[in-house]
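# Descriptive analysis of the structure
Listed here are the chains, written in short residue letters.
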Amino acid sequence: DGEDFEQHTKRVNTEIREVATEFLKVFTEGKKAFKHLNDLLIRFQSMNISPQPGYFLAILSDLNTKIAKEICNLIISEPSGPLSIHLKSFLYGIRKESKEKAQKIIKSIIQSKEKSLCLSIAHAYAWGGWTDDLDKEDIDIVKNLLKHPDKDVKVQTIESLRRFKEPWQYEAINLAIK
């Protein structure tokens, strides 16, 4: 149909936003949305389908941070569920609205040392663009992630160090040397 990449991307983004908006009309409470999303992921997994809902979930969180916070709390209370690896997506809208609120949630997650949740946070710093606007609190979070006992959490956190921008690049070097 002659659609170039930019047009295609814009159309897909619009469609995802529309689906997320409709989802939020049906699921107006975090608990119900959490249950539905968990059930969907479990069904996909039972059929050996590996869904990639991260972008959709990030849009959901951007559209309704209240529900995103509720879902984050539910994920934290059920860290073995299929949504745990997508925690970073729910934190997207929260972080965009209030970095301090997101950091508060993240600090409680790191204190729990729950592997799946800490791995999701480390992945967000490594690949989710969270190193684009670092501050002192983020540096403390990264330092704590580097102390996590799990190797995979450490590997993702180390990956994030190479993405640090000025003025934090020397801090990244110092953390890598330690």
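Read on for an overview of the structure.

Procedures and definitions
Residues numbered from 1 in each chain as written. Predicted model: local features only at pLDDT ≥ 70, side-chain atom pairs only at ≥ 80, totals over all residues. Heavy atoms only, no water. Axes fitted to C-alpha atoms, helices over the stretch in contact; angles between N-to-C directions. Helix = DSSP H or I, 4+ residues; strand = E, 2+ residues; numbered from the N terminus. Parallel < 35°, antiparallel > 145°, perpendicular 65-115°, else oblique. Left-handed = near helix turned anticlockwise from the far one by under 90°. Contact = heavy atoms within 4.5 Å. Nonpolar A, V, L, I, M, F, W, Y, C, P; charged D, E, K, R; others polar. Buried < 20%, exposed > 50% of the residue type's maximum accessible area, 1.4 Å probe, protein only. Core = buried A, V, L, I, M, F, W, Y, C linked by side-chain atoms within 4.5 Å. Polar contact = N/O pair within 3.5 Å; in protein donor to acceptor, adjacent residues only side chain to side chain. 1 Å grid on protein atoms, 1.4 Å probe; cavity = no way out; pocket = protein on both sides within 12 Å on 5 of 7 lines; lining within 4 Å. Points joined across faces, edges and corners; volume = space filled by probe spheres on them.

## Thoughts on the packing of helix α5 (residues 87–97) against helix α7 (residues 115–127)
It is the contact of α5 with α7, at a shortest axis distance of 9 Å, that shows an interaxial angle of 55°. In terms of orientation, α5 lies oblique with respect to α7. Handedness of the crossing formed by α5 with α7: right-handed. The segment α5 lies against α7, with L87, K88, L91 and R95 engaging L117, S120, I121, H123, A124 and Y125. Of the residues belonging to the contact of α5 with α7, the class tally is six nonpolar, two polar and two charged.

## Regarding the side chain of T131
Along the polypeptide, T131 turns up in the loop between α7 and α8 (136–146). Under the relative-accessibility criterion, T131 is labelled buried at 4%. Look past the residues within four positions of T131 in its chain and what remains in contact with it is Y125, S160, R163, F164 and K165.

## Looking at the nonpolar core
Note on soluble globular proteins: their nonpolar side chains tend to be buried together. Membership of the largest hydrophobic core comes to 45 residues, with the highest contact counts inside it found for L91, I121 and L145. Take this core: its biggest share by element is six residues, from α7. When sequence neighbours within four positions are dropped, the list of residues in contact with I121 reads L87, L91, I106, I109, W130 and L145.

## A look at the side chain of T65
Among the structural elements, T65 can be located in helix α4 (residues 65–77). Polar contacts involving the side chain of T65 include one to the side chain of E97, which spans 2.9 Å. In contact with T65, not counting residues within four places along its chain, are G93, I94 and E97.

## Side note on the layout of surface pockets
Considering only enclosed or pocket space, the largest pocket measures out at about 280 Å³ in volume. Taken together, 15 residues make up the lining of the largest pocket; nearest its centre are G54, A58, S89, Y92 and G128. Contributions of two or more residues to the lining of the largest pocket are made by α3 (54–63), α5 and α7. The element contributing the most residues to the lining of the largest pocket is α3, with five residues. Taken together, the residues of the lining of the largest pocket break down into seven nonpolar, four polar and four charged. Considering only enclosed or pocket space, the second largest pocket measures out at about 180 Å³ in volume. Lining the second largest pocket we find 13 residues, and of these P51, Q52, P53, I85 and H86 sit closest to its centre. At the level of elements, α2 (30–46) and α5 are the ones that each hand at least two residues to the lining of the second largest pocket.

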